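Examination of the molecular architecture
So you can see what is in the structure, the chains are spelled out below.
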Amino acid sequence: MSISMLAGAERPDHPLSRYASTMHIFCAGCGYGAIAQAVTRVYAERKLDKMKYVFFTGIGCHSALPTLLPGYTVMTLHGRLPAVVTGAKLANPELKPICFCGDGDLLAIGTNHFVHACRRNLDMVLILLHNNVYGMTGGQAAPTTPTEYKGTTAPYGYLEKPFDGCELAIASGATFVSRWTSAHIKQFMNTLNKAIDHRGLSFIEVVTTCPTYFGRKNKMPEPIDLFRWIRDSAVSIKKAEGMSEEELEGKFLVGEFQKTDRPDLNTIYKEIIKRAQGD
Amino acid sequence: MSEDKAIRTGTHVITGNDAMVEGAIAAGCRFFAGYPITPQNEVPEMFSVRLPEVGGNFIQMEDEIGSIAAVVGASLAGAKAMTSTSGPGFSLMQEYISQAAQSEIPLVVGNVQRTGPGSGIVSVPHHGDVMQARYGGNGDYEIIAVAPASAQESFDLTVEAFNLAEKWRTPVIILSDAMLGHCREKVVIQSAEEFKKNIIERKIGPRKGFKPFTYEENGELIVPPPLQLGTHAFPFWLPSVSHNEFGIPILDTVPKGSFKMVKRLCDKIIKNEEKITMTESYYLDDADVAVIAYGLPARTGLRAVREAREQGIKAGLLRLKTIWPFAQTAIEKVAESVKSIVVPEINMGQLFIEIDRVAAKKGVSAHLVIQISKLHEPHEILSKIKEVA
Ligand SMILES: Cc1ncc(C[n+]2csc(CCOP(=O)(O)OP(=O)(O)O)c2C)c(N)n1
Ligand code: SF4
Ligand SMILES: [Mg+2]
């Protein structure tokens, strides 16, 4: 991707026309544009308050999403997003952060902050952009690279077992957990709407395309190849119930895995203040 | 939230660590994130008691990287915020200290120093992080560092640290140590009314003509009020990459822009050195030998200076209450009037490098008195004074 388009940046007026003079800056066929559009649509449809619904990103190709997003955005450091949001939410409970992290960002360098944010049930929407690689740095293997697939640091195939972001989120205590793909935009928008209304940590993993690196390294150079691979590897939770383990080999589940309620971090901290002040 | 709970007016006998907490809360700190490490443990422990009492939040994070990141988030969302740690944790915080300097995010970091390198010795004093405070993070930037020398000053300079952070929009480091942190001394806190006159409150930038970052106007650098997420006083995008004064990322095709940003960040602090630095002089008017010191060695140094005077040697002391920015002007002035300079440090000579540079420029000899993991004995400094007088 290139960032030469950023020069015309201006302050937002209308939610859908931030960049009158620019276009998006992702590679052709990158799934990030579609995801940003879906988020922007939900944001605009619901007329979300810009002072409250703020965006955060980690570091990766996804850091360039603010060129498309309809509200204020904080770009954090690589992996640190959940910790930054923890401080922001405690200082201003009115905020409802909508956050984007890369798979390297959240599942490698930021895992520690991620699992603790889930454990604390931090009230935010956390969107994991699962593109199977480190896009920004040039297609290195990520903790999500499927076994036997290639990356620029896995020339003989990646032989480690990948993380399942949703399982990790559930095990860590996230209260709303789901997975969709850039081939399931409608379903993603539907879940995003629920996530915005959910109080607590809403984790949405979106499996998405990186034709430039993941596709090219794995004999799927055309964006459409990768799009089909993702669409065909995705199995709904319901459908999976009737499938054998062999049939599920190399597939991943999509849908809403978990939705429970328990006090979020801000509620807990209000209780601490109450106790300290002896009310 | 009652003010008397935030400002504990009266006379107390408390440790340097507790004094740091009281100073922070009195200055308006309402968020603390930290991680246990000796010899600063009493700081988060006391914050965990005190912050909820005044309606603030204390959180124990998963590590120091997360602690400073949470402080950055809290500051961006409008709270005066602080973390504290010791050597190994301070190293982990450098990533976001560098970023906070670049994004001009006000925050305070207490570093109750212990011996290093590595895990070192956990509960003895050592000033090994003086250079790390300034040069620890990646890139070129400047921060402010204060160095208290008593429990009273652990209170006073923490208040000052918050004021400096607000005024200059920068991380401010408090360089305390294991001895100072644990030593119990008298601390007097003014009435809330008096006290509040000296507090710089968090301000929100104007709606019209909002400028997110330090900018130049008529050759002068103007530092606007801090950014506040959830208000109009925020750029549409706060990028962590290099950016111009409007927050627009600087493209790699225009390195000139990057040079301008780095220069702005450094000049903001260095060019205002005289406004930021705080020093105290003792017996310097007619001195032949000047002791220049910060933190606890300044107290040992003062005793050595007094003993030297009793023995007929014209010695004096310049005490640095701020370490960074380097008090170039004050030290040059001292170097112009003395024959030699003595620098006691609890390290292998860190600030000495800077002091020696100024001394050499002025044709004065500078002499280092090293201690490691313990305070100097007054006679060690005295014998150096006698040797070079
Ligand atoms: C501490 C740190 N280490 C490494 C990097 C370099 N880096 C920038 S982006 C990136 C990987 C991004 O991959 P991912 O999080 O998957 O995001 P994507 O580019 O795929 O959107 C890395 C390693 C960094 N910015 N900071
Ligand atoms: S490198 Fe991959 S993730 Fe990055 S913009 Fe291009 S296609 Fe998208
Ligand atoms: Mg990725």
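Cut-offs and rules
- Residues numbered from 1 in each chain as written.
- Chains lettered and ligands numbered in written order.
- Predicted model: local features only at pLDDT ≥ 70, side-chain atom pairs only at ≥ 80, totals over all residues.
- Heavy atoms only, no water.
- Helix = DSSP H or I, 4+ residues; strand = E, 2+ residues; numbered from the N terminus.
- Rg over C-alpha atoms; globule rule 2.2 N^0.38 Å.
- Buried < 20%, exposed > 50% of the residue type's maximum accessible area, 1.4 Å probe, protein only.
- Contact = heavy atoms within 4.5 Å.
- Areas by Shrake-Rupley, 256 points an atom, 1.4 Å probe, with all protein chains shown as cover.
- Pairing = 2+ DSSP bridges.
- Axes fitted to C-alpha atoms, helices over the stretch in contact; angles between N-to-C directions.
- Near = heavy atom within 4 Å.
- Polar contact = N/O pair within 3.5 Å; in protein donor to acceptor, adjacent residues only side chain to side chain.
- Domains from an automatic or database assignment.
- Buried area = accessible area lost by both parts, 1.4 Å probe.
- Salt bridge = Lys/Arg side-chain N within 4 Å of Asp/Glu carboxyl O.
- 1 Å grid on protein atoms, 1.4 Å probe; cavity = no way out; pocket = protein on both sides within 12 Å on 5 of 7 lines; lining within 4 Å.
- Points joined across faces, edges and corners; volume = space filled by probe spheres on them.
- Nonpolar A, V, L, I, M, F, W, Y, C, P; charged D, E, K, R; others polar.
- Arc of directions from axis to C-beta.
- Core = buried A, V, L, I, M, F, W, Y, C linked by side-chain atoms within 4.5 Å.
- Patch = residues over 30% accessible without salt bridge, like charges linked within 9 Å, V, L, I, M, F, W, Y side chains within 5 Å.
- Lys, Arg positive; Asp, Glu negative; His and termini not counted.
- Charge placed at Lys NZ, Arg CZ, Asp CG, Glu CD.
- pLDDT = per-residue confidence, 0-100.
- Right-handed = clockwise from strand over helix to strand, strands pointing away.

With that out of the way, let us pick up the overall build of chain A. A count of helices and strands for chain A gives 11 helices and 10 strands. In terms of overall dimensions, chain A is globule-like: its C-alpha atoms have a radius of gyration of 19 Å, near the 19 Å expected for 279 residues. If you line up chain A on its principal axes, its C-alpha atoms span 65 × 50 × 30 Å. Residues counted as buried form 56% of the 279 residues belonging to chain A. Counting only contacts in chain A whose residues sit at least 6 apart along the sequence, the fraction spanning at least 24 positions is 68%. Total accessible area on chain A stands at roughly 11,700 Å², and carbon and sulfur atoms take up 54% of it.

With that settled, the discussion passes to the overall build of chain B. Across its full length, chain B holds 15 helices and 17 strands. Relative to the globule expectation of 21 Å for 389 residues, the C-alpha radius of gyration of chain B, 21 Å, shows essentially globular dimensions. For chain B, the C-alpha atoms occupy an extent of roughly 65 × 50 × 40 Å along the three principal directions. Restricting the contact set of chain B to residue pairs at least 6 apart, pairs at least 24 apart contribute 78%. Total accessible area on chain B stands at roughly 14,200 Å², and carbon and sulfur atoms take up 52% of it.

Another point: the sheet that holds strand 11 (residues 237–238) of chain B. If you trace the nine strands from one edge of the open sheet to the other, you get 9(A)-10(A)-7(A)-8(A)-4(A)-3(A)-1(A)-2(A)-11(B), paired in mixed fashion. Both edges of this open sheet fall to strand 9 (234–236) of chain A together with strand 11 of chain B, since each of them pairs with a single strand only. Contacts between helix 2 (residues 81–91) of chain A and the sheet are confined to strand 1 (55–57), strand 3 (98–102) and strand 4 (124–130) of chain A, with strand 1 of chain A contributing the most and set at about 150° to the helix. Helix-sheet contacts for helix 6 (residues 185–197) of chain A involve strand 3, strand 4, strand 7 (176–181), strand 8 (201–207) and strand 10 (252–259) of chain A, and the interaxial angle to strand 7 of chain A is about 160°.

What follows is about the site of ligand 1. Residues and elements named next belong to chain A. Taken together, the neighbourhood of ligand 1 is formed by 18 residues, with Tyr32, Cys61, Asp103, Asp105 and Met136 sitting nearest. One of the backbone N or O atoms of Cys61 is found 2.7 Å from an oxygen atom in ligand 1. Asp105 is positioned such that a nitrogen or oxygen atom in its backbone is 2.7 Å from an oxygen atom of ligand 1. Considering ligand 1 on its own, with 590 Å² of exposed area, one finds that the protein chains cover 76% of that surface. Put simply, the parts of the chain that give the shell around ligand 1 at least two residues each are helix 3 (103–109) and strand 5 (133–134).

Residue and element names in this part refer to chain B. Along its sequence, chain B is organised into domain 1 (3–196), domain 2 (215–274) and domain 3 (279–388). The gap between the C-alpha centroids of domain 1 and domain 2 is 25 Å. On the side of domain 2, 22 residues touch domain 1, which itself brings 21 residues to the contact. Where domain 1 abuts domain 2, roughly 1,700 Å² becomes buried across the two surfaces, and 62% of that area is made up of carbon and sulfur atoms. On the surface where domain 1 and domain 2 come into contact, there are one salt bridge. The shortest N-O distance in the salt bridge between Lys268 and Glu104 comes to 2.9 Å. The tally of links between domain 1 and domain 2 comes to nine residue pairs in polar contact (both at pLDDT 80 or more). Going through the elements one at a time, helix 4 (64–76), helix 5 (87–103) and helix 7 (151–168) are the ones with two or more residues in the side of domain 1 that touches domain 2.

Attention shifts here to empty space enclosed by the protein. Over the atoms rolls a probe the size of a water molecule, and in doing so it shows where empty space is left. Following the criterion strictly, the structure yields one cavity of 30 Å³ or more and no others. One number sums up the size of the largest cavity: a volume of about 60 Å³. Every residue along the wall of the largest cavity is listed here: Val74(A), Met75(A), Thr76(A), Val72(B), Leu76(B), Tyr96(B), Gln99(B), Ser103(B), Ile105(B), Leu238(B) and Ser240(B). Where the lining of the largest cavity is concerned, the elements lending two or more residues are strand 2 (73–75) of chain A together with helix 4 and helix 5 of chain B. Ranked by residues supplied to the lining of the largest cavity, first place goes to helix 5 of chain B with three residues. Residues that form the lining of the largest cavity fall into these classes: seven nonpolar, four polar and no charged.

The next thing to look at is helix 5 (residues 165–172) of chain A. All names here are of chain A. Those residues of helix 5 that fall on the buried side of the exposure criterion are Gly165, Cys166, Leu168, Ala169 and Ser172. What you see down the axis of helix 5 is that its buried residues fit within an arc of 160°, all on one side. Set apart from the buried face of helix 5 by more than 90 degrees, the exposed residues are Glu167 and Ala171. Among the structural elements, helix 3, helix 4 (111–120), strand 7, strand 8 and strand 10 are those in contact with the buried residues of helix 5. One side-chain oxygen of the residue at the start of helix 5 lies 3.0 Å from the amide nitrogen of Cys166, identifying that residue as Asp164. Count one or two residues on from helix 5 and you reach Gly173, which has phi positive near 115°.

Another aspect to go through is the nonpolar core. Side chains of nonpolar character tend, in soluble globular proteins, to be buried together. The biggest cluster of nonpolar side chains holds 95 residues, and the ones touching the most others in it are Phe56(A), Leu126(A), Phe203(A), Phe31(B), Trp324(B) and Ile341(B). Top element by residues in this core is helix 4 of chain B. It accounts for seven residues. With near-sequence residues (within four places) excluded, Phe31(B) lies in contact with Gly87(A), Leu90(A), Leu51(B), Asn57(B), Ile59(B), Ala70(B), Val71(B), Ala74(B), Ala79(B), Lys80(B), Ala81(B) and Met82(B). One finds Val42(A), Val133(A), Ile204(A) and Val254(A) within the second-largest nonpolar core, a separate group that totals 42 residues.

Following Thr38(B), the chain continues into Pro39(B) via a peptide bond in cis, with omega recorded as 10°. Tracing the chain through its elements places Pro39(B) in the loop between strand 2 (29–34) and helix 3 (42–53). Here Gly116(B) and Pro117(B) are connected by a cis peptide whose omega angle stands at -5°. Backbone geometry places Asn132(A), a non-glycine residue, at a positive phi of 70°. Judged by relative accessible area, Asn132(A) falls into the buried class, the value being 3%.

A surface patch of negative charge is lined by Glu245(A), Glu246(A), Glu247(A) and Glu249(A). Structurally, Glu247(A) is set in helix 10 (residues 245–248).

Another point: the confidence of the model for chain B. Of the residues in chain B, 99% reach a pLDDT of 70 or more, and the chain-wide mean stands at 96. Interface predicted TM-score (ipTM) for the complex: 0.97; the corresponding pTM is 0.96.

Let us now look at the pairing of strand 7 of chain A. For a regular strand, side-chain orientation follows a simple rule: the groups alternate between the two sheet faces. Residues and elements named next belong to chain A. Of all six residues in strand 7, six are buried; the element is thus mostly enclosed. Every second residue of strand 7 is oriented toward a common face, with Phe176, Ser178 and Trp180 on one face and Val177, Arg179 and Thr181 on the other, all of them buried. Looking at chain direction, strand 7 and strand 8 are connected through six bridges and run parallel. Its bridge partner lying in strand 8, Arg179 is registered against Glu205. Each parallel crossover has a hand, and the one from strand 7 via helix 6 to strand 8 is right-handed. The pairing of strand 7 with strand 10 spans four bridges and is antiparallel. Pairing of Val177 across the sheet is with Gln258, part of strand 10.

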